[in-house]
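# Examining the three-dimensional arrangement
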Amino acid sequence: MENKFKFIENPQEQISDIKDYIFRILSNWKWFAVSIIIAFAIAYYVNISAERVYGLTTTIAVKEQQNPLFASGTNIAFNWGGVSDKVESIRKSLTSRSHNEKVVKQLDFYVDYLKEGRFRLEDVYGKTPFTLELQNNQFQLLNTNIKIEFISNNSFNISVDFDNELNYNLINYKTDKVNTYKPKVLETQPYSFNQYINLPYLKGQLKQVEDFKPTNGAVYFIRLNSITQATNIYKNVNAKGLAGTSLVELSMQGANKNRIVDYLNKTVEVLSNYELEQKTNYARSTKAFIDAQFKNTSDSLKLLENTIGEFKKQNDIYNLSAQGSEIFSQTTGLDQMQKQLVDRIEYFNNLESYINSHSNYSKIPAPAIINIEDAAITGMVGNLTELSIQKEKLSNEVTSNHPSLKLVNQEIETARNVLLENISSLKSTTNVTLTNSRKRLNSYNYKLDKLPNKEQRLLNFQRKYNLTESNYVFLMQKRYEADIAIAASVSDISVLDSAKDTGQGSILPRKSFNYIIALLLGTIFPLFLIVAKEILDTKIHRAEDVEKISPIPLLGVVGKNTAENNLAVFLKPKSTVSESFRALRSNIQFLFGRQSRDKCKTIVVTSSVSGEGKTFVSINMATVFALGGKKTILVGLDLRKPKIFGDFGITNEKGVVNYLIAEEEKSAIITKTKVPNLDVITSGPIPPNPSELLISQATDELINSLKEEYEYIILDTPPVGLVSDAIELLKFADSTIYVVRQGYTDKGMLRLINEKYKKEEIANISIVLNDFKVKNKYGYGYGYGYGYGYGYGKYSNGYHEVEKKKPFLKRLFKKK
């Protein structure tokens, strides 16, 4: 029974052992070191070359400030109450284009002050010995650097590096109009501070900054941008409402802290002034209305006064009778009350009309010159205003079908209906009071009719005068209230923490973060390449690779040949390669059956493709058997690509082909070699029909006759992956050696031989890993158990010849 080595089949690759995989990755430590050094160098360059960016903040409080001199509901700056959307409005205003345009214009931030830095033109706003004051109604050069070069402490030259082939733009900041400018050659003349600069592209003055004297030769640049360009840059101010408070935090980032500080503080100042102006607009409009009414009332009062005087003089009546005085005192109060009730009913009608005709109730008109005595009405209007503001916020966040928005709409409808019912009820009550007042007034009018005609007319004049006078006093009081409201009003915006340069460090570039990223990328990048290479690499590198993809046993490994030709065992008998072939000689004995041990043994050597070292293994296996005292013959059966003759220094004129075509006898094709006990039969001339020759009867006769004369026959056959000749020759084999080469043989090439081994079409086959070089990245290496001998290094001294490593330059020129 033949001794066959059966291993557990595992045709699919498995994941490598974790420890082995880690060793393979760490073996590429040089790539990691180089990658990390390069990454740190890049991070260092970024850290020193990137523009420094600073971030500053200011905090403001937004709270509707009411004038403490007035009570709610009676003053000229009436407020319905309810929640306010002031914080959101302020936040939106701070990021609006119109507001930021005002700030840019007030700060002249469309002018850039620059100075040449190490990597770029640096923004030096607030660090220059001058400021530019433009004549805004004149045209100025747009988006081009204007060079200011000081030639003394007080004088400087102005120049622009124009390209004469290009056209440039000039802008008029007053009209925002842009013209085209064709550069002209101009004579350079010095200018001094405060001197008017009248150039075709620049009109204005340079104002010297106090306590800041320029140095001789200092060079600065100014660049003018359009208002729109500058506004778009500064519109990125971040206004964030702090949750649960009425505070807004403004933050801004930029390369110049002076510019950020000035902009943040100015934007708060501009908005505060604007809000104060808007806040007093109602009082100003009311005051204008009251002034007009006050003038009319004053004129009416003077007219009535003159009329009463003339009437008394003409009719010779100066005082009312006792009865007339009583009627006058009673009717005066009723007249004043009646006027107030009429005004109140008119306002209720206007309020009712507004609610019925509008859907947005966030700006319900407040009463100007009447008092709302019913607190319920004030509360209901405040509730309706609050719900309306809440609806506006939700409308910007959710769709119209959202349940929360539907709920708010229902609450608004309910509050609206309740408010209309209360207004209607209040109107009815006021009308009843007005009707009763008129009835009482009619009873006094009845008594008035009983007085003499002259006294009646005098009493009516005095009633009108008294009513007008009371109205005059009321309007005067309201005008005083309006004046005080305007004078005493304060902005709803107060600064809690203004922007200030306290030596804050830059927020960009984040140096530590960049170095961490460099470390990560420097580690991940080579790791990715190594893993990708491992995944995409389909070559065989280790003995473990062979074991994973093939059930065929591994006979041994052979190191890299360093001899002049393929006669490695003969030329260097003490080398590690020679020792590995001796190990193969010992291991292959286990593949022969007991019955064939005393007979001639035929070993077929093949591979997948050309270049895997099949001929090298054949020659040295034959040599190692011959040196062991065994009569051995090496037969070259690779008829398409004969090779073995060159290494032995013989010709290929006669060989196997000549015998197979009956041209020569067996004895004529056998050649003695310089290796004791080793004969060689070369392939001979390349035939046109190699396959037919190898399967002929003559091949069987040749092999059988050689078995009678030799102890070992080594057959060097063609690659099985390219031609089918070797498959036909396997029938002569007592053992078959299948050669694979480290880093050369593709893993998929073993598929054909694996299938034949599984089907038991091939017996006693084993694999030899050729051209093996111990590399740390391929794990622990193979050797002792697979016939590699004791390996390289200091432990082989005295046992093997150690190949001395040639200098780098010699190896380099040898490769070239």
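Placed above this text is the structure.
What comes next concerns the included structure.

### A word on the overall build of the protein
Across its full length, the protein holds 23 helices and 24 strands. The buried share of the protein, taken over its 816 residues, is 44%. Across the protein, the fraction of contacts at a sequence separation of at least 24, relative to all contacts at a separation of at least 6, is 79%. Here the protein displays about 43,800 Å² of accessible surface, and carbon together with sulfur accounts for 52% of that area.

### Observations regarding the environment of Lys-235
As for its position among the elements, Lys-235 is in the loop between α5 (227-234) and β14 (238-241). Through-space distance from the C-alpha of Lys-235 to that of Thr-95 is 5.6 Å; in sequence the pair is 140 residues apart. Once residues within four sequence positions are removed from consideration, Lys-235 is found in contact with Thr-95, Ser-96, Arg-97 and Asn-100.

### Observations concerning unusual backbone geometry
Following Leu-508, the chain continues to Pro-509 via a peptide bond in cis, the omega torsion being -5°. The backbone phi angle of Asn-677 is positive, close to 65°, even though this residue is not glycine. Checked against the element boundaries, Asn-677 lands in the loop between β20 (671-672) and β21 (678-681).

### Notes on the pattern of salt bridges
Using the criterion set out here, one finds 25 salt bridges in the structure. For Asp-112, the salt bridge identified is with Arg-223, shortest N-O distance 3.6 Å. Residue Asp-112 is found in strand β2 (residues 111-116), and its partner Arg-223 is found in strand β13 (residues 219-224); the two are separated by 111 residues along the sequence. A relative accessible area of 14% means that Asp-112 is categorised as buried.

### Let's talk about the environment of Asp-700
Tracing the chain through its elements places Asp-700 in helix α20 (residues 697-707). Asp-700 sits in the buried class, given a relative accessible area of 19%. For the pair Asp-700 and Leu-729, spaced 29 residues apart in sequence, the C-alpha to C-alpha distance is 9.6 Å. Not counting residues up to four positions away in its chain, the partners in contact with Asp-700 are Lys-731 and Phe-732.

### Quick word on the sheet that holds β21
Consider a sheet: its strands pair through backbone hydrogen bonds, and that pairing is either parallel or antiparallel. Taken in spatial order, the eight strands line up as β17-β24-β23-β18-β22-β19-β21-β20 in an open sheet, and their pairing is mixed. Of all strands in the sheet, those bounded by a partner on one side alone are β17 (554-559) and β20. Here five bridges tie strand β19 (residues 632-636) to strand β22 (residues 712-716), and the two strands are oriented parallel to one another. Within the sheet, the bridge partner assigned to Gly-636 lies in β22 and is Asp-716. The sheet strands contacting helix α15 (residues 614-627) are β17, β18 (601-607), β19, β21, β22, β23 (735-741) and β24 (765-772), and the helix crosses β22 at an angle near 170°.

### Topic: helix α14 (residues 576-588)
Between its first and last C-alpha atoms α14 spans 18 Å; for 13 residues at 1.5 Å apiece the expected length is 18 Å, and the two agree. Turning to α14, its buried residues number three or more, namely Thr-576, Val-577, Ser-578, Ser-580, Phe-581, Ala-583, Leu-584 and Ile-588. The inward-facing, buried residues of α14 contact β17, α13 (568-571), β18, α15, β23 and β24.

### Some remarks on the packing of aromatic side chains
In the structure shown here, the tally under the stated rule is 22 aromatic pairs. On the basis of an interplanar angle of 20° and a centroid distance of 5.7 Å, the ring pair of Phe-40 and Tyr-515 is categorised as stacked. Placement of Phe-40 in helix α2 (residues 29-49) and of Tyr-515 in helix α11 (residues 511-536) is noted, with a sequence separation of 475 residues between them. Of the residues examined, Phe-40 reaches a relative accessible area of 30% and is grouped as partly exposed. Taking the centre distance of 4.8 Å and the plane angle of 20° together, the rings of Tyr-234 and Tyr-263 count as stacked. Taken together, the residues span a long stretch of sequence, with Tyr-234 in helix α5 and Tyr-263 in helix α6 (residues 257-315) at a distance of 29 residues. Of the residues examined, Tyr-234 reaches a relative accessible area of 8% and is grouped as buried. Connected via pairs of aromatic rings, a cluster forms that spans Phe-109, Tyr-113, Tyr-125, Phe-130, Phe-150, Phe-156, Tyr-191, Phe-193, Tyr-220, Tyr-234 and Tyr-263. In this structure, Arg-510 packs its charged tip against the face of Phe-513, placed 4.4 Å from the ring centre. Geometry around Phe-592 places Lys-601 over its ring, the cationic atom sitting 5.8 Å from the centre.

### Some remarks on a nonpolar patch on the surface
Where nonpolar side chains cluster on the molecular surface, the patch consists of Phe-513, Ile-516, Ile-517, Leu-520, Leu-521, Ile-524, Phe-525, Phe-528 and Leu-529 and spans about 880 Å² of accessible area. In this structure, Phe-513 sits in helix α11. Given the relative accessible area of 39%, Phe-513 is considered partly exposed.

### As for the nonpolar core
Ranked by internal contacts, the top residues of the largest apolar core, which has 60 residues, are Ile-148, Ile-158, Tyr-201 and Leu-202. The dominant element in this core, judged by the number of residues it contributes, is α6, at seven residues. Residue contacts for Ile-158: discarding those within four places in its chain leaves Ile-146, Lys-147, Ile-148, Tyr-191, Ile-197, Leu-199, Tyr-201 and Leu-202. Formed by 45 residues, the second largest nonpolar core is a distinct cluster that contains Val-657, Leu-693, Val-720 and Ile-762.

### A closer look at the packing of α2 against α11
The contact between α2 and α11 brings their axes to 8 Å, and the two run at 150°. As judged from the angle between their axes, α2 and α11 are roughly antiparallel. The two elements α2 and α11 cross, and the hand of that crossing is right-handed. Where α2 approaches α11, its residues Trp-31, Phe-32, Ser-35, Ile-36, Ala-39, Phe-40, Ala-43, Tyr-44, Val-46 and Asn-47 are matched on the opposing element by Lys-511, Asn-514, Tyr-515, Ala-518, Leu-519, Leu-521, Gly-522, Thr-523, Phe-525, Pro-526, Leu-527 and Ile-530. Here the residues of the contact of α2 with α11 sort into 16 nonpolar, five polar and one charged.

### What about the environment of Leu-567?
With respect to the secondary-structure elements, Leu-567 resides in the loop between β17 and α13. Given a relative accessible area of 0%, Leu-567 falls into the buried group. Between the C-alpha atoms of Leu-567 and Phe-616, which are 49 residues apart in sequence, the distance is 7.8 Å. Excluding residues within four positions of it along the chain, Leu-567 makes contact with Ile-619, Asn-620, Thr-623, Asp-647, Phe-648 and Lys-674.

### Digging into the sheet that holds strand β11 (residues 197-199)
Ordered in space as β4-β12-β11, the three strands form an open sheet in which the pairing is antiparallel. The open sheet has two free edges, formed respectively by β4 (130-134) and β11, since each of these has just one partner strand. Between one strand axis and the next, the sheet turns by 30° as a mean value, whatever way the strands run. Judged from the five bridges that link them, β4 and strand β12 (residues 202-208) form a sheet pairing that is antiparallel. Residue pairing in the sheet places Leu-134 in a bridge with Gly-204 of β12.

About the cut-offs
- Residues numbered from 1 in each chain as written.
- Predicted model: local features only at pLDDT ≥ 70, side-chain atom pairs only at ≥ 80, totals over all residues.
- Heavy atoms only, no water.
- Helix = DSSP H or I, 4+ residues; strand = E, 2+ residues; numbered from the N terminus.
- Buried < 20%, exposed > 50% of the residue type's maximum accessible area, 1.4 Å probe, protein only.
- Contact = heavy atoms within 4.5 Å.
- Areas by Shrake-Rupley, 256 points an atom, 1.4 Å probe, with all protein chains shown as cover.
- Salt bridge = Lys/Arg side-chain N within 4 Å of Asp/Glu carboxyl O.
- Pairing = 2+ DSSP bridges.
- Axes fitted to C-alpha atoms, helices over the stretch in contact; angles between N-to-C directions.
- Expected span 1.5 Å × (residues − 1).
- Phe/Tyr/Trp six-rings, centres within 6.5 Å; stacked < 30°, edge-to-face > 60°.
- Lys NZ or Arg CZ within 6 Å of the ring centre and 35° of its normal.
- Patch = residues over 30% accessible without salt bridge, like charges linked within 9 Å, V, L, I, M, F, W, Y side chains within 5 Å.
- Core = buried A, V, L, I, M, F, W, Y, C linked by side-chain atoms within 4.5 Å.
- Parallel < 35°, antiparallel > 145°, perpendicular 65-115°, else oblique.
- Left-handed = near helix turned anticlockwise from the far one by under 90°.
- Nonpolar A, V, L, I, M, F, W, Y, C, P; charged D, E, K, R; others polar.

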